Amino acid sequence: MIMKRIFSFCLYLFSGITFLSFNSCESDPTPTGAGFSIEFDNVVGTKNLVLNGPSNVNSTGEDFVITKFNYFISNIKLTRANGTSYVVPQDSSYFLIMEENKESQFVKLKNVPVGDYTGVEFMVGVDSARSVSPVEKRKGVLDPGGSMEDGMYWAWNSGYIFMKLEGTSPAATSANSKFYYHIGLFGGYQTRTVNNTRVVKIDFAGQKATVSAEEIPEVHLLVDVLKIFDGPATRLSIAKYSSVMSQLPEKSQEIANNYSKMFSLDHIHN
Amino acid sequence: MEKIIKSLFSLNLPVLAAFLIMGISCSKSPETPEPEEEDKAPTPVVWKKPVNFPDPVYDMSRNPLTEEGIELGRFLFYDGILSRTNQIGCGTCHQQVAAFTHHGHELSHGVDDQLGTRNSPSIQNLAWYPSFFWDGGVHDLDLVPFNPIENPVEMGETVKNVITKLKNTPLSSAKKPVDYPKMFKKAFGTEEINSERMLKALSQFMLSMVSANSKYDFYVKGDVSAFNAQEKEGLGLFKCKCSTCHSGELFTDFSFRNNGLIPLKINDQGRGAVTGLDPDMYKFKVPSLRNVGLTAPYMHDGRYHSLEEVLDHYSDSVHKTTTLDPVFLKPDGKTGIVLTASEKQSIIAFLKTLNDEQFIQDARFSDPGVGTSF
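Residues numbered from 1 in each chain as written. Chains lettered and ligands numbered in written order. Predicted model: local features only at pLDDT ≥ 70, side-chain atom pairs only at ≥ 80, totals over all residues. Heavy atoms only, no water.

Colleague: Just give me the short version of the overall build of chain A, but keep the residues and values in it.
Modeller: Assigned secondary structure in chain A consists of four helices and 17 strands. Burial analysis of chain A (270 residues in total) assigns 50% to the buried set. Partitioning the contacts of chain A with sequence separation of at least 6, the portion at a separation of at least 24 is 73%. Of the roughly 12400 Å² of accessible surface on chain A, 55% is carried by carbon and sulfur atoms. (Helix = DSSP H or I, 4+ residues; strand = E, 2+ residues; numbered from the N terminus. Buried < 20%, exposed > 50% of the residue type's maximum accessible area, 1.4 Å probe, protein only. Contact = heavy atoms within 4.5 Å. Areas by Shrake-Rupley, 256 points an atom, 1.4 Å probe, with all protein chains shown as cover.)

Printed below as a string of structure tokens:
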């Protein structure tokens, strides 16, 4: 009964406060800009990526068509020329980029302090701490029973799939001519396992993204799927590896190394 | 909050006054105030640790147990609505009479009678578990239900769709129509159904399932008359020959070990499949032995049908592979545990003292009328 009264009172109080003022929390001394936008534009070499679209050729010479391409971007940090940076608050720093969902390809950051930014850092995947966090910390794209599409979660080892690339290829050895690359593994909870989280740093190479009270800069990144097949670590052959998931940890590491190099700056709108 | 403000605006003054006095939630129509008890805060449950048990692993401060939360968890546990066919509940393969295993089933059959690959483990004393399933793939009880719900041969459903179905209850076509939005409100304060609430309710129910009233527990707490001579001898032998792995009051050290079972056709790699590490190949979790007399068949694939067969395995048929646990290696290079026939009988007599009749008859854990058993 007491709880109820307190609740009613709080409600009453809240409604009163609402009428009086909505601005009481804007006392932060750092001026906050209008926002910051990062576009993850998925491409295949020089061509735009089209799901179930035209055939492409990888560096091994294998034809392939992409049917699905999803990945997690998290732990975003915007860096400044003087070496300081703005770290996006942890709880607001998880994004699932899906080729089939245009909206998901625009990471929109709020509450970014006004200023010039000269680079961005982010993780591809979901960090180990969040991968073992309790269920109340798994909201939005991290909720395996909520808004997360396409099963970017392995229920059997409670780990997120960081990057999912699927497609068809005449080179594939599977019964349905499909290839499946599901890369996850966050380092393990009780037993140390492979850790495929990767941090990517993009330097704006002399350009600046300027956040002001009115302007939202848009950083346009290109994400080249061909790099997954041909990177510093390995040349990935669909014929040799039509499926890489959790049971080929060495190979999955090489693929993660490859895709950590698939991001590049195209241009910045200020 | 926006909703609350809007509701406040839409109310006329006398109703607003009534609203404040009664403290009813804004989602209810103001014309039909709910009876007082509807808005009762959930009743906290004091979870008691059995005196001979260690401290639990699950952090209950994150998910405080309440009567309403446990009751909701019990309904969810038994209700087939969790499956694609609305036929398979958790309780289908975890039956109370068999200490929440699938009685008599080597492997369990889920939706459309599809067979799984492992023997259904007992659901009891999960508050103490640092990991779940035979391979320990899941480390948090709250995340366990994703596994059976989304496994295509178990419940074949998605958690997302289960939530949608729960929101649309009560269903007049159901065996026993359950009003889940109402139950969620009782347990969590509002009718909102989301995965966190569903999982936490299931956890609350499973945390309440403590088995600590076996004959062994009476014996260990000081009633020496609880054991006969053979059971006492069995306990001594057990301590000598089995308790390296089946240690403590939970009768497991929760480690993963290769106990020398020859892999079957599907070549289940166990823990190795989760960690991807060669030293973990063919290792499975050491199971708790509480209620072991009630949970036949045995081993991760249910290959042994009696405790006699299990002990015969340990004495005579431990298969040597690179990851075989060293505990099974004898100085002469042979494998197994030295056990005579009468020692085996004594150990089995002791193991049966771990049966907890109160646990398997406790009405608090039984099917509220929504379940199916196949």
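That covers the picture; the talk isn't over yet.
Colleague: Residue-level account of the overall build of chain B, with values.
Modeller: Each helix and strand counted, chain B has 14 helices and two strands in total. Burial statistics for chain B: of 374 residues in total, 56% are counted as buried. Nonlocal contacts in chain B, meaning residues at least 24 apart in sequence, comprise 66% of its contacts between residues at least 6 apart. Looking at chain B as shown, the accessible area adds up to about 16700 Å², and 57% of this sits on carbon and sulfur atoms.

Colleague: I'd love a proper account of the pattern of salt bridges, names of residues and values included.
Modeller: Any two side chains of opposite charge can pair, on the condition that their charged atoms come close. Under the definition given, this model contains 28 salt bridges over all chains. The shortest N-O distance in the salt bridge between Asp268 of chain B and Arg118 of chain B comes to 2.7 Å. With Asp268 of chain B in the loop between strand 1 (256-257) and helix 11 (271-275) and Arg118 of chain B in the loop between helix 4 (90-93) and helix 5 (146-150), the pair connects residues that are 150 residues apart, well separated along the chain. Within this structure, Glu136 and Lys139 of chain A together with Arg62, Asp140, Asp142, Glu196 and Lys200 of chain B form a network of salt bridges that share partners. (Salt bridge = Lys/Arg side-chain N within 4 Å of Asp/Glu carboxyl O.)

Colleague: I'd like to hear about unusual backbone geometry, residue by residue, with values.
Modeller: Residues and elements named next belong to chain B. Cis geometry is adopted by the peptide bond preceding Pro170, which originates at Thr169 and carries an omega value of 0°. By secondary structure assignment, the location of Pro170 is in the loop between helix 6 (159-167) and helix 7 (180-188). Residue Asp113 is not a glycine yet carries a positive backbone phi of 60°. Along the chain, the position of Asp113 falls in the loop between helix 4 and helix 5. Residue Asp113 is classed as exposed on the basis of its relative accessible area, which comes to 56%.

Colleague: Now, about the packing of helix 3 (residues 67-78) of chain B against helix 8 (residues 195-208) of chain B: what can you tell me, with residues and values included?
Modeller: Residue and element names in this part refer to chain B. Contact pair helix 3 / helix 8: the axes reach a minimum separation of 7 Å and the direction vectors enclose 95°. As judged from the angle between their axes, helix 3 and helix 8 are roughly perpendicular. Between helix 3 and helix 8, the residues in contact are Gly69, Ile70, Leu72, Gly73, Arg74, Leu76, Phe77 and Tyr78 and Met198, Ala201, Leu202, Gln204, Phe205, Met206 and Ser208, respectively. A per-class count over the contact of helix 3 with helix 8 returns 10 nonpolar, four polar and one charged. (Axes fitted to C-alpha atoms, helices over the stretch in contact; angles between N-to-C directions. Parallel < 35°, antiparallel > 145°, perpendicular 65-115°, else oblique. Nonpolar A, V, L, I, M, F, W, Y, C, P; charged D, E, K, R; others polar.)

Colleague: Give a description of the packing of aromatic side chains that names residues and reports values.
Modeller: Within the structure shown, the criterion is met by 36 aromatic pairs over all chains. Centroid distance Phe40 of chain A to Phe122 of chain A: 5.5 Å. Interplanar angle 75°. Geometry classified as edge-to-face. Of the two residues, Phe40 of chain A sits in strand 1 (residues 36-44) while Phe122 of chain A sits in strand 9 (residues 119-124), which places them 82 residues apart along the sequence. Grouping residues by exposure puts Phe40 of chain A and Phe122 of chain A together as buried. Members of the aromatic cluster, connected to one another through ring pairs, are Phe77, Tyr78, Phe100, Phe205, Phe359 and Phe365 of chain B. The ring of Tyr58 of chain B carries the charged tip of Arg62 of chain B above its face, separated from the ring centre by 5.3 Å. One residue, Arg271 of chain B, lies across the ring of Phe256 of chain B, its end atom 4.2 Å from the ring centre. (Phe/Tyr/Trp six-rings, centres within 6.5 Å; stacked < 30°, edge-to-face > 60°. Lys NZ or Arg CZ within 6 Å of the ring centre and 35° of its normal.)

Colleague: Hey, could you go over the confidence of the model for chain A for me, with residue numbers and the actual values?
Modeller: Of the residues in chain A, 87% have a pLDDT of 70 or more, and the chain-wide mean is 88. Across residues 1-28 of chain A, where pLDDT falls below 50, the model places 13 contacts with residues more than four positions away in sequence or in other chains. (pLDDT = per-residue confidence, 0-100.)

Colleague: Run through the side chain of Asp362 of chain B, naming residues and quoting values.
Modeller: Examined against the element boundaries, Asp362 of chain B turns out to sit in the segment after helix 14 (357-361). Polar side-chain contacts of Asp362 of chain B include one of 2.6 Å to the side chain of Arg364 of chain B. (Polar contact = N/O pair within 3.5 Å; in protein donor to acceptor, adjacent residues only side chain to side chain.)

Colleague: I'd like to hear about the nonpolar core, residue by residue, with values.
Modeller: The biggest cluster of nonpolar side chains holds 124 residues, and the ones touching the most others in it are Phe40, Phe69, Ile76, Phe122 and Phe263 of chain A together with Met198 of chain B. In terms of residues, this core owes the most to one element, strand 4 (residues 63-79) of chain A, which gives eight residues. Taken together, domain 2 (60-211) and domain 3 (215-355) of chain B each give at least three residues to this core, which thus spans both. Residue contacts for Phe40 of chain A: discarding those within four places in its chain leaves Tyr71, Ile73, Ile97, Gln105, Val107, Phe122, Leu221, Val223 and Phe263 of chain A. With 29 residues, the next largest nonpolar core counts Phe251, Leu289, Tyr298 and Leu351 of chain B among its residues. (Core = buried A, V, L, I, M, F, W, Y, C linked by side-chain atoms within 4.5 Å. Domains from an automatic or database assignment.)

Colleague: Run through helix 6 of chain B, naming residues and quoting values.
Modeller: Residue and element names in this part refer to chain B. Among the residues of helix 6, Val159, Val162, Ile163, Lys165 and Leu166 are the ones counted as buried. The arc that holds the buried residues of helix 6, viewed along the axis, is 165°, so those residues lie on one side. Considering only its buried residues, helix 6 is in contact with helix 3, helix 5, helix 7 and helix 8. (Arc of directions from axis to C-beta.)

Colleague: Tell me about the side chain of His182 of chain A, residues and numbers included.
Modeller: Residues and elements named next belong to chain A. Tracing the backbone shows His182 in strand 12 (residues 178-184). Look at His182 and you get buried, because its relative accessible area is 9%. At 2.7 Å, the side chain of His182 forms a polar contact with the side chain of Glu166. With residues up to four places along the chain from it excluded, the contact list for His182 reads Trp154, Ile161, Met163, Lys164, Glu166, Val244 and Met245.

Colleague: Break down the confidence of the model for chain B for me, with residues and values.
Modeller: Residues and elements named next belong to chain B. Confidence in the prediction of chain B, expressed as mean pLDDT, is 90, and 90% of residues score 70 or more. pLDDT under 50 marks residues 1-33. Its contacts with residues more than four places away, or in other chains, come to 33 contacts. If you check the scores for this complex, the pTM reads 0.82 and the ipTM reads 0.73.

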